[in-house]
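# Secondary and tertiary structure notes
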Amino acid sequence: AQSVTQLDSQVPVFEEAPVELRCNYSSSVSVYLFWYVQYPNQGLQLLLKYLSGSTLVKGINGFEAEFNKSQTSFHLRKPSVHISDTAEYFCAVSPLTDYKLSFGAGTTVTVRA
Amino acid sequence: DVKVTQSSRYLVKRTGEKVFLECVQDMDHENMFWYRQDPGLGLRLIYFSYDVKMKEKGDIPEGYSVSREKKERFSLILESASTNQTSMYLCASRQNNEQFFGPGTRLTVL
């Protein structure tokens, strides 16, 4: 079984400041890793994913994440946030040979002017 | 673009009612999923379907059933709604390791 821990439930940040959202996972098998974003009153949208290859993954809207296998982490970063980045962010993992995604509890990012 | 639609954005039902939540995808995906989303718990898998008429229980199937008679449609059924089923319900379909989500149905059971 897999489990995902998002270390911060709420992250307040000022506009144009950098932000990092932390995600750790545990799994006995190799996994794919994902970050999803949920804007208010909407479904989830994929930000980025790690399947294989380079451990630094770039996604949409200026986000990037780094896979660290030894620390079983997949932290999400953005160097300069906008008001429109206010949303809930979910980290998720999926075993290579399974359909299922396991999600973290989510991190709410609130960007202030 | 992949489109996943859900029949209602908001739904209010009474305890004991039978509730149907419908999900339709337009990209011929084989795999479809139903999740519920609760604050502080993230998304939890209720059921998934890997093909027409095929289904498998997820992590929290109790109190729910599903139906998949056609490839594009996956229905979640609450046989007798209870107040602890008040939640946001999200449907997804999957292709190439990526899941595509619908907008969600916020269900309130009174």
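One structure accompanies this document, and this report is about it. (Residues numbered from 1 in each chain as written. Chains lettered and ligands numbered in written order. Predicted model: local features only at pLDDT ≥ 70, side-chain atom pairs only at ≥ 80, totals over all residues. Heavy atoms only, no water.)

## What to know about the pairing of strand E9 (residues 87-95) of chain B
Residue and element names in this part refer to chain B. Where burial is concerned, most of E9 is hidden: eight out of the nine residues are buried. Bridging between strand E4 (residues 31-38) and E9 involves seven bridges; their strand directions are antiparallel. By the bridge assignment for E9, Asn-31 is matched with Arg-94. Here E9 runs beside strand E11 (residues 105-109); their pairing, made up of three bridges, is antiparallel. Along E11, the bridge assignment pairs Met-88 with Arg-106. (Buried < 20%, exposed > 50% of the residue type's maximum accessible area, 1.4 Å probe, protein only. Helix = DSSP H or I, 4+ residues; strand = E, 2+ residues; numbered from the N terminus. Pairing = 2+ DSSP bridges.)

## A look at the interface of chain B and chain A
Counting residues at the interface gives 22 residues for chain B, matched by 20 residues for chain A. In total, about 1700 Å² of surface goes out of reach between chain B and chain A, with carbon and sulfur atoms giving 55% of it. It is Leu-43, Asn-97 and Phe-101 of chain B in chain B that bury the most area against chain A; as a group they hold 28% of the surface buried on that side. Ionic pairing is found between Glu-98 of chain B and Lys-49 of chain A, a salt bridge with its closest N-O pair at 3.5 Å. For the pair chain B and chain A, the interface holds three residue pairs in polar contact (both at pLDDT 80 or more). Mapped onto the side of chain B that touches chain A, the elements with two or more residues apiece are E4, strand E5 (42-51), E9 and strand E10 (98-101) of chain B. It is E5 of chain B that contributes the most residues to the side of chain B that touches chain A, five residues altogether. Here the residues of the side of chain B that touches chain A are counted per class, giving 11 nonpolar, eight polar and three charged. (Contact = heavy atoms within 4.5 Å. Buried area = accessible area lost by both parts, 1.4 Å probe. Salt bridge = Lys/Arg side-chain N within 4 Å of Asp/Glu carboxyl O. Polar contact = N/O pair within 3.5 Å; in protein donor to acceptor, adjacent residues only side chain to side chain. Nonpolar A, V, L, I, M, F, W, Y, C, P; charged D, E, K, R; others polar.)

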